[in-house]
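Structural description and commentary
Each chain, written out:
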Amino acid sequence: MPYPESLVAPMRAEMTQMGATELRTVADVDAALGSSTGTTLVFVNSVCGCAAGNARPAVQMALRHGVLPERTVTVFAGQDLDAVARARSYFGEYQPSSPSMALLRDGEVVHFVHRHQIEGRSPQTIAADLTKAFDTHCSHSVGA
Amino acid sequence: MSGHVFHPGHHELHGITVVLETERALWVGRFDSVTPKGVLLHDAGAYEDGVTPGTREEYLQKTLKFGVRATAKNVIIPEGEVRGMRQLAEAAG
């Protein structure tokens, strides 16, 4: 059952304020991921403070890197159920967990950060993992 | 809101994805608590000796790469059957 919107609103805002586009419907997801070329970071947001409390700041840190995906989008697990299910349909064999992050290039997952790779790790460590993936898979330089 | 935790006062592994080994199976799931009936895991998958293809190690490596293929929303493993438990992340070496 979804949490009250008033509770999750700050968590949604934390993502949009760092530049992520929130996808709240199946149509939103298909528009963003359905025929996308280039690179897209998908952040599966969560209310769980055990892991998401470090994951959101990690994404914020990673998005200050010099090489970035062309788009950053987010869906909210447990809240926007249909949108999340649709987003996960683009993740192939990767199993659902939240929070989690998928880096897609030309529609294929090229890097995935599972919940178990977030739990107990600092935002700095998670961000370092992400930026390493950006360096490997993305070519969009900030300011270019 | 960053760092906010909704579950104060819980076991230190609460919310952590763990690998729990028994004599006949290896469970991977999100630790909740130790209840009077045993260890409660959420969204858990299992490797069962003699049933699941491959080895426990192969199952673990696939889980590390692709995540937990959950077959049970909630499962309780009796404490007496638990041979060991560790964080899944530790299995990555």
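Residues numbered from 1 in each chain as written. Chains lettered and ligands numbered in written order. Predicted model: local features only at pLDDT ≥ 70, side-chain atom pairs only at ≥ 80, totals over all residues. Heavy atoms only, no water.

Residues and elements named next belong to chain B. Strand order in this open sheet of 5 strands is β4-β3-β2-β1-β5, and the pairing throughout is antiparallel. One side of each edge strand has no neighbouring strand; the edge strands of this open sheet are β4 (72-77) and β5 (84-87). This sheet shows a mean twist of 40° between the axes of neighbouring strands, independent of strand direction. Relative to β4, strand β3 (residues 38-48) runs antiparallel, the two sharing 5 bridges. Across the sheet, the residue bridging to Val39 is Ile77, located in β4. Contacts from helix α1 (residues 56-66) reach β1 (17-21), β2 (25-35), β3 and β5 within the one sheet, and its direction differs from that of β2 by about 65°. (Pairing = 2+ DSSP bridges. Helix = DSSP H or I, 4+ residues; strand = E, 2+ residues; numbered from the N terminus. Axes fitted to C-alpha atoms, helices over the stretch in contact; angles between N-to-C directions. Contact = heavy atoms within 4.5 Å.)

With that settled, the discussion passes to the pairing of β2(B). Residue and element names in this part refer to chain B. Counting buried residues in β2 gives 9 out of 11 residues, a clear majority hidden from the surface. As paired elements, β1 and β2 share 5 bridges and run antiparallel to each other. In the strand pairing of β2, Leu20 is matched with Trp27. For β2 and β3, the ladder comprises 9 bridges, and the chain directions are antiparallel. Across the sheet, residue Val28 finds its bridge partner in β3, namely Gly45. Counting the residues that bridge the hairpin from β2 to β3 gives 2 residues. (Buried < 20%, exposed > 50% of the residue type's maximum accessible area, 1.4 Å probe, protein only.)

Before going further, it helps to spend a moment on the sheet that holds strand β4 (residues 71-76) of chain A. Residues and elements named next belong to chain A. Taken together, the 5 strands give an open sheet; going across it, the order is β1-β4-β2-β5-β6, and neighbouring strands pair in mixed fashion. Of all strands in the sheet, those with a lone pairing partner are β1 (21-22) and β6 (108-113), marking the two edges. Relative to strand β5 (residues 100-105), strand β2 (residues 39-45) is paired through 6 bridges, and the arrangement is antiparallel. Bridge pairing links Thr40 to Leu104 in β5.

Next up on the list: the pattern of salt bridges. Residue and element names in this part refer to chain A. All chains considered together, the criterion is met by 14 salt bridges over all chains. For Arg86, the salt bridge goes to Asp30, with nearest N and O atoms at 3.2 Å. In this pair, Arg86 sits in helix α4 (residues 81-89) while Asp30 sits in helix α2 (residues 26-33), placing the two residues 56 residues apart along the sequence. Here Arg86 falls in the partly exposed class, since its relative accessible area comes to 34%. Of the residues examined, Asp30 reaches a relative accessible area of 27% and is grouped as partly exposed. (Salt bridge = Lys/Arg side-chain N within 4 Å of Asp/Glu carboxyl O.)

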